[in-house]
Amino acid sequence: MLSIDSTAVQNQTGQQYLPSTDHTQGVRSPNQELLPLSAKINSHDCLEIGGCDVKTLVEQFGSPLYILDEETLRTACRQYRDAFAQYYPGESLVLYASKAWNCLAVCAIAASEGLGIDVVSGGELYTALQAGVPGNKLYLHGNNKSIAELALAIENNCTIVVDNWLELETLANIADEPIRIMLRLTPGIECHTHEYIRTGHLDSKFGFDPNTLDEVFAFVSQHPTLNCIGLHAHIGSQIFESQPHKDLPGVLVDYLTKAYRYDLPIQELNVGGGLGMRYTESDDPPSIDEWVKGVCEAMVKACEEQQLPLPRLLSEPGRSLIGPACVTAYTLGSYKTIPEIRTYLAVDGGMSDNPRPITYQSVYRAVVANRMSAPLTQTVTLAGKHCESGDILIKNATLPETEPGDVLVVMGTGAYNYSMASNYNRLPRPAAVLVNAGEAELILERETYQDVIRLDRLPKRLV
Ligand code: LLP
C-alpha cells in the first residue's frame, strides 16, 4: 500500500476542505470552494450540509445520494447577477446552462433568482417549461435540433440559438410569423481545457464558421420572419485563464459591426459560459466576480472602440453555478489490498452516477463524512461497482481508517454528474435531496428496478 507523509497527517483532516470562514472579503465565490458554503463538522464529527447530517441523510434517503445545497446555488446565482449589475452599465441577463444539471427543482431555483435558462434539447426545454420558467426566458441551443424541438420552442415563444445552415433554412421555411433567433458563431478563440469540452476553436462542430458571416447575415436579412436579436459564442468549459473570456467580447463586437451592415436588429450579445470550478486544492479558478468584471470591462471597451451602443449582455454559466453546490454520498463496501501495490475501496455507485473521471480523467476529492477529524492514514483507490476496470472515482485518495458502512462524500459533483448519469449495468439512478436550514427535500426520487425495466417490452413469443 502507498503510504503518506506522516507530518502531513496531523493537519489533513476533513477540516481542510471546509469553506473559508474568513469573510473579511465578503462571501467567498462558491466556485473557489471544495465543499458547499454551508458545510460544517458537527458535534458527532460528521459532515453537515445545509444543516443536515450527511450520514443521517444517507440513512433516510439511501445511497448513493446527491446532496444539493440550496444556499450555495442561490449564492452563486446572486453573485453572477449582482456582478453584472455592478460592472455593466447596460442591461444584462444571466442564463443558467441547464445541461450541467437539468431537473424541475434546479430550473425553478435558477428562475426564482431571476436567471433565464439555456436548454439544449426538447427534454431540457420541456423540463424548464414544466418548472414554470416562462418561454421568453428560455434559449434553445443545439447543433442538430429536430423539427419537433424547434416547434416546441416556437410554440412557447423561446429564443432559438441557430447553429448552422440547415437550421436556418428550416426555420425560414417553417416560421409563418416572426420568431426570435440568435446566431451562434465560432469565435476562433483557443483555451486550455480538455479537448472534449473545448468549443471555441475553428475546428468545432458548433456554430457558423466566421468566414461565412456575410452569407449568413445576408440570408437572415432577406427573411423577415427570422427576427435576429443576437449573436452568441461559447469557447469551452472548466476554464481557469481569464484572457480568452476577455478576448471574446471584442470578437463578438467585430461580428456585430458586420451584422449592422445588413440592418439586423441585434440587441444581445451572449458570451457563453465556461468559468471553471475547484475540484482539488491545486485548482485556482477566478471568482465569479472577477470573471464577470473581466467580461463586462472588455465588452464596454470593445463597444467604445467601435462606437456602438452597449448591447444587452448575456452569459451562460453552468458548472460554476451548480457544480460546487452538490456532493455525492456513497456507502463504502468491499475492499482489496494488493501488498506493495494498492488498496481498493469500493463504493455503491461509480461511473453511472459520475462518468467524469472515466470520460475526462477528472480528479475529485473525498472525505469520510462520519470521521471528519480522524487523521488521514491511508492512501487508497476509490473504485465504483461497475463491471469495468476503468470505473475508478479517485486514484490515491487520502482517507482515515475506514470500515464498510462508512459514508464517503465526493465533493463538487453538481455539474455534469446527474445530467450525464446512466443506468449502466442497470443500476437505478440515485436520489437527490435539496438541503437548506436543516430540512432535506427529495428533488429526484431514487430509481427502482421497476423504473429500470419501465420501457422494456417482451414480445409474447419470448415468454
Ligand atoms: N453554453 C454553451 C453553448 C455550452 O456548450 C456550455 C457547455 C455552457 C454554456 C456551459 O458551460 P459551463 O459554464 O458549464 O462550463 N460534460 C462536460 C462539460 C461539457 C460542457 C458543454 N457545454 C464535463 O463534464 O466537463
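Rules used throughout
Residues numbered from 1 in each chain as written. Predicted model: local features only at pLDDT ≥ 70, side-chain atom pairs only at ≥ 80, totals over all residues. Heavy atoms only, no water. Domains from an automatic or database assignment. Contact = heavy atoms within 4.5 Å. Buried area = accessible area lost by both parts, 1.4 Å probe. Salt bridge = Lys/Arg side-chain N within 4 Å of Asp/Glu carboxyl O. Polar contact = N/O pair within 3.5 Å; in protein donor to acceptor, adjacent residues only side chain to side chain. Patch = residues over 30% accessible without salt bridge, like charges linked within 9 Å, V, L, I, M, F, W, Y side chains within 5 Å. Areas by Shrake-Rupley, 256 points an atom, 1.4 Å probe, with all protein chains shown as cover. Helix = DSSP H or I, 4+ residues; strand = E, 2+ residues; numbered from the N terminus. Buried < 20%, exposed > 50% of the residue type's maximum accessible area, 1.4 Å probe, protein only. Axes fitted to C-alpha atoms, helices over the stretch in contact; angles between N-to-C directions. Parallel < 35°, antiparallel > 145°, perpendicular 65-115°, else oblique. Left-handed = near helix turned anticlockwise from the far one by under 90°. Nonpolar A, V, L, I, M, F, W, Y, C, P; charged D, E, K, R; others polar. Phe/Tyr/Trp six-rings, centres within 6.5 Å; stacked < 30°, edge-to-face > 60°. Core = buried A, V, L, I, M, F, W, Y, C linked by side-chain atoms within 4.5 Å. Pairing = 2+ DSSP bridges.

**Examining the domain arrangement of the protein**
The domain architecture assigned to the protein consists of domain 1 (2-69 + 325-451) and domain 2 (141-317). Distance between the C-alpha centres of domain 1 and domain 2: 35 Å. Domain 1 puts 18 residues into the contact, and the matching count from domain 2 is 16 residues. Together domain 1 and domain 2 conceal approximately 1,400 Å² of surface at their shared face, both sides included; 53% is due to carbon and sulfur atoms. In this assembly, domain 1 and domain 2 are joined by one salt bridge. Between E281 and R365 there is a salt bridge whose closest N-O contact spans 2.8 Å. Counting the contacts that link domain 1 with domain 2 gives seven residue pairs in polar contact (both at pLDDT 80 or more).

**Description of a nonpolar patch on the surface**
Taken together, the side chains of L458, L462 and V463 present a nonpolar region at the surface, about 360 Å² in accessible area. Here L458 lies in the segment after helix 13 (449-452). Since its relative accessible area comes to 59%, L458 is described here as exposed.

**Concerning the packing of helix 8 (residues 213-221) against helix 9 (residues 243-260)**
Between helix 8 and helix 9, the least distance of the axes is 10 Å, while the angle of their chain directions is 45°. In terms of their interaxial angle, helix 8 and helix 9 are classed as oblique. The two elements helix 8 and helix 9 meet at a crossing, and its hand is right-handed. For the pair formed by helix 8 and helix 9, the contact residues are L213, D214 and F217 on the first element and Y255, K258 and A259 on the second. Of the residues contributing to the contact of helix 8 with helix 9, the split by class is four nonpolar, no polar and two charged.

**Brief notes about the packing of aromatic side chains**
Applying the stated rule across the entire model yields eight aromatic pairs. Arranged with centres 6.1 Å apart and planes meeting at 80°, the rings of Y66 and Y418 form a pair that is edge-to-face. Taken together, the residues span a long stretch of sequence, with Y66 in strand 4 (residues 65-69) and Y418 in the loop between strand 18 (407-411) and strand 19 (431-436) at a distance of 352 residues. Taking 5.6 Å as the distance between ring centres and 85° as the angle between the ring planes, the aromatic pair formed by W165 and F219 counts as edge-to-face. Here F219 lies in helix 8 and W165 lies in helix 7 (residues 165-174), a separation of 54 residues in the sequence. With a relative accessible area of 29%, W165 lands in the partly exposed category. With a relative accessible area of 17%, F219 lands in the buried category. By the ring-pair criterion, three or more aromatic residues cluster together here, those being Y66, W101 and Y418.

**Some remarks on the nonpolar core**
Membership of the largest hydrophobic core comes to 89 residues, with the highest contact counts inside it found for Y96, W101, L168, I181, L183 and L231. The element that contributes the greatest number of residues to this core is helix 10 (residues 288-306), accounting for nine residues. Built from parts of two domains, this core gets at least three residues from each of domain 1 (2-69 + 325-451) and domain 2 (141-317). Not counting the four nearest positions on each side in its chain, W101 is found in contact with Y66, L68, Y96, V106, I322, C326, G414, Y418, S419, A432, I443 and L444.

**With respect to the sheet that holds strand 1 (residues 40-41)**
Spatially, 1-2-3 is the arrangement adopted by the three strands of the open sheet, whose pairing is antiparallel. Of all the strands in the sheet, the pair left with one neighbour each is strand 1 and strand 3 (52-53). The pairing of strand 2 (residues 47-49) with strand 3 spans two bridges and is antiparallel. From the neighbouring strand, I49 faces strand 3, where its bridge partner is C52.

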